[in-house]
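# Architecture and fold: a report
Letter by letter, the chains look like this.
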Amino acid sequence: MVTHSVLPVTVDACGAVYLAKVPGLADDLIEEHTDDGKGRCRGCPSQTHGMPQHPCNIRLLADAAASIRRTWIRRGQLDTVVPARIVQHLAAMDRDEDEAGQDGAMPIR
């Protein structure tokens, strides 16, 4: 596991950097993996093991990714670290979802 000095030791820095490059992904994970009020993660239900403690590993990774992304934005580095192909791919996915309409069927190309 590769770690970075600003990240908790248990967080995979490569994974956090990868998540930070995808716009909105860390924020979505943070929103989903919240405390259920009993100290468990509501985003990680498991039929066999029960819900893990909050914050779960996914939440820790997403928090680290969000922190990295904020740092890139603050330093004006976001455009240099996020490949344009990722932004273009996400824009294409959004267009496909819009074209699919209410029934969710994807357009035939």
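Since we're looking at a predicted model, the values are computed, not measured.

## Things to note about the confidence of the model for the protein
A residue-level look at the protein finds 67% of positions with pLDDT of 70 or above and a mean pLDDT of 78. Here residues 1–7 is a poorly scored stretch, pLDDT under 50, and it has 16 contacts once near neighbours within four places are set aside; other chains count.

## Points about helix H3 (residues 57–75)
For H3, with 19 residues, the first-to-last C-alpha span of 27 Å sits near the 27 Å given by 1.5 Å per residue. For H3, every residue scored as buried is listed here: Arg 59, Ala 62, Ala 64, Ala 65, Ala 66, Ile 68, Arg 69, Thr 71 and Trp 72. Each element contacted by the buried residues of H3 is listed here: helix H1 (13–21), helix H2 (25–32) and helix H4 (78–81). Just past H3, the residue Gly 76 takes up positive phi, approximately 70°.

## Topic: the environment of Gly 15
On the secondary structure map, Gly 15 appears in helix H1. We classify Gly 15 as buried; its relative accessible area is 18%. Sequence separation between Gly 15 and Ala 64 is 49 residues, and the spatial gap between their C-alpha atoms is 9.4 Å.

## Let's talk about unusual backbone geometry
The omega angle of the peptide bond from His 54 to Pro 55 is 0°, so this bond is cis rather than trans. Relative to the helices and strands, Pro 55 resides in the loop between H2 and H3.

## Considerations on H2
Turning to H2, its buried residues are Ala 26, Leu 29 and Ile 30. All buried residues of H2 project into a common sector of 100° when viewed along the axis, lining one side. Away from its buried face by more than 90 degrees, H2 exposes Asp 27 and Glu 31. Taken together, the buried residues of H2 touch H1 and H3.

## Some remarks on the packing of H1 against H3
Packed helices, taken two at a time, are described by the angle their axes make and the gap between the axes. Two numbers describe how H1 lies on H3: the axes approach to 8 Å, and their chain directions differ by 60°. Classified by the angle between their axes, H1 and H3 sit oblique to one another. The two elements H1 and H3 cross, and the hand of that crossing is right-handed. Every residue of H3 that contacts H1 at Gly 15, Ala 16, Val 17, Leu 19, Ala 20 and Lys 21 is listed here: Leu 61, Ala 62, Ala 64, Ala 65, Ile 68, Arg 69 and Trp 72. A breakdown of the residues in the contact of H1 with H3 according to their chemical character gives 10 nonpolar, 1 polar and 2 charged.

## Observations regarding the state of the cysteines
For the coordinates displayed, the defined rule picks out 0 disulfides. For the unlinked cysteine Cys 56, the closest cysteine sulfur is that of Cys 41, found at 3.6 Å. The buried category is assigned to Cys 56, whose relative accessible area is 4%.

Cut-off values and rules
- Residues numbered from 1 in each chain as written.
- Predicted model: local features only at pLDDT ≥ 70, side-chain atom pairs only at ≥ 80, totals over all residues.
- Heavy atoms only, no water.
- pLDDT = per-residue confidence, 0-100.
- Contact = heavy atoms within 4.5 Å.
- Helix = DSSP H or I, 4+ residues; strand = E, 2+ residues; numbered from the N terminus.
- Expected span 1.5 Å × (residues − 1).
- Buried < 20%, exposed > 50% of the residue type's maximum accessible area, 1.4 Å probe, protein only.
- Arc of directions from axis to C-beta.
- Axes fitted to C-alpha atoms, helices over the stretch in contact; angles between N-to-C directions.
- Parallel < 35°, antiparallel > 145°, perpendicular 65-115°, else oblique.
- Left-handed = near helix turned anticlockwise from the far one by under 90°.
- Nonpolar A, V, L, I, M, F, W, Y, C, P; charged D, E, K, R; others polar.
- Disulfide = S-S within 2.5 Å.

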